[in-house]
Amino acid sequence: MSAQSFHFSQETPPDSMFSDIQTLNKFQDEQFGHLVQYVFEFLTDPTKSSRLFGQLEDFAAENGVSGNALKNVFKSILSIPNSALKKSLSPEQIKEDLDNLGLSEGKASYFVDQWRANLVGLSRSALGQTLMVNQLVDMEWKFGVTAASSELDKVGNTFLQLKLVINTGNGVTNSYMELTLPQFYSFLHEMEKAKASLEYLS
Amino acid sequence: MKLVIVFQKRDIIIQLCCCQHCAKTLTSAPSKDVVLRTCQWGFLYRDRQKVPESVLNNLVQEYGVTMDQARKLLTAAGALMKNAVFQGSTDPADLIRLFPSDFHTSLRDLLAKIIIQNMATWKAQAINNQVSLPRMVDFDWRVDIKTSSDSIARMSVPTCILQMKVQENPLRVDQVADVSTVNVELSKETLDTMLDGLSKIRDQLSSVANR
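About the thresholds
Residues numbered from 1 in each chain as written. Chains lettered and ligands numbered in written order. Predicted model: local features only at pLDDT ≥ 70, side-chain atom pairs only at ≥ 80, totals over all residues. Heavy atoms only, no water. Helix = DSSP H or I, 4+ residues; strand = E, 2+ residues; numbered from the N terminus. Buried < 20%, exposed > 50% of the residue type's maximum accessible area, 1.4 Å probe, protein only. Contact = heavy atoms within 4.5 Å. Areas by Shrake-Rupley, 256 points an atom, 1.4 Å probe, with all protein chains shown as cover. Salt bridge = Lys/Arg side-chain N within 4 Å of Asp/Glu carboxyl O. Axes fitted to C-alpha atoms, helices over the stretch in contact; angles between N-to-C directions. Left-handed = near helix turned anticlockwise from the far one by under 90°. Nonpolar A, V, L, I, M, F, W, Y, C, P; charged D, E, K, R; others polar.

Draft legend 1. Structural context of the overall build of chain B. Helix and strand content of chain B: seven helices and five strands. Going from the N terminus to the C terminus, chain B shows its helices and strands as β-β-α-α-α-α-α-α-β-β-β-α. Sorting the 211 residues of chain B into buried and exposed places 41% on the buried side. Contacts in chain B between residues at least 24 apart in sequence constitute 49% of all its contacts with a sequence separation of at least 6. Carbon and sulfur atoms make up 51% of the accessible area of chain B, which amounts to about 12,200 Å² in all.

This is the structure:
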């Protein structure tokens, strides 16, 4: 077989991948459908790996397949949409790769359709995993009036206190600060400008 | 004679028995401006243990007294100004009650006039230095667009970065406090939620103001 180029991977995939695809071809369409569903469920929420293992075990038991072999097959089929997402491949390119890997026509088309349907959810979860520096988690505030102090018997100025809860990567820090009223109004004004800018760009 | 401050909580009348010598020193001042400057310095250094040498030398020259007497004079003037500002009244009748009844009348009137002139400035200074949480001094923001990351190759997500400069309360009276920066990244949803909160604050502020 001549060396074909693949979209999802720069080098030619290993032989084990080709044989895994052949194994997939042997599954019935309904069983293949289940596996594809597990693939997309996992990609949409990568934290739920325990759920995935449970699903794979049940599948292996129901269909009389060995658990380990199933895991390898699953790994192969998972790597394709994974890199497709990272490289933003088009559905046609994915279909081409699946055909070159030897997946049967029907199954390949089904896979690509499922890809199209799940793309929004997959993108959203990938965006959610994108790095955010010092993300603001929560903001608490209170405002009040100073009644008196040790220097002045009668004070009457308003203040605003903010507590910002920030997720620094190393944990959560609280940042406390006080604003005067004019500062608060200018802060509000600037934040509204920032919001307008964000809305214009999204 | 020493400086005696009698503070009667119920009447909020502060009787300040200035050392007779201090009163005498003030009456021997070369001009009214000197008395004004003495009061201003007195208020400025009211909380300090150590007054700068230059200020004391100045007083020594102006009044022709010793260093020790200059220091006592400054402390007495500072205490008087501090009590006057605490009371906060600019009504001459209230100010006259600060002094004992046998106090030198024209000096008393001059001091009262000085207090009235400078009350607004001194009140503002006291408010600026009062106990508080770290204060925000300045803030900046910018909007970035994220175009790619390790989890997705092409995207176009706007995000806002906010930097706030926060100044702690000074640890020492004669030093300016450090300014630290707080950097925060806000996604669009976070910014919307934050603005909702800030608008609620504004509405509540205007409802309080209108009452």
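The structure having been displayed, the exposition proceeds.
Draft legend 2. View of the pattern of salt bridges. The full count for this structure, using the stated rule, is 18 salt bridges over all chains. A salt bridge links Glu105 of chain A to Lys95 of chain A; the shortest N-O distance between them is 2.9 Å. Here Lys95 of chain A lies in helix H5 (residues 91-101) and Glu105 of chain A lies in helix H6 (residues 105-128), a separation of ten residues in the sequence. In this structure Glu105 of chain A comes out as partly exposed when scored by relative accessible area, which is 49%. Residue class for Lys95 of chain A comes out buried when judged on its relative accessible area of 18%. One salt bridge connects Asp192 of chain B with Lys188 of chain B, and the closest N-O pair in it is separated by 3.4 Å. On the criterion of helical spacing, the pair formed by Asp192 of chain B and Lys188 of chain B is a turn pair, its members being four residues apart in helix H7 (residues 188-210).

Draft legend 3. Just the packing of helix H4 (residues 67-87) of chain B against helix H6 (residues 105-128) of chain B, in detail. Residue and element names in this part refer to chain B. At a closest axis distance of 10 Å, the pairing of H4 and H6 adopts a crossing angle of 60°. Considering how the two elements wind past one another, H4 and H6 form a crossing that is right-handed. Packed against H4, whose contacting residues are Leu80, Met81, Ala84 and Val85, the element H6 presents Leu111, Ile115, Met119 and Trp122 at the interface. In terms of residue class, the contact of H4 with H6 is built from eight nonpolar, no polar and no charged.

Nothing here speaks to function; it is geometry throughout.
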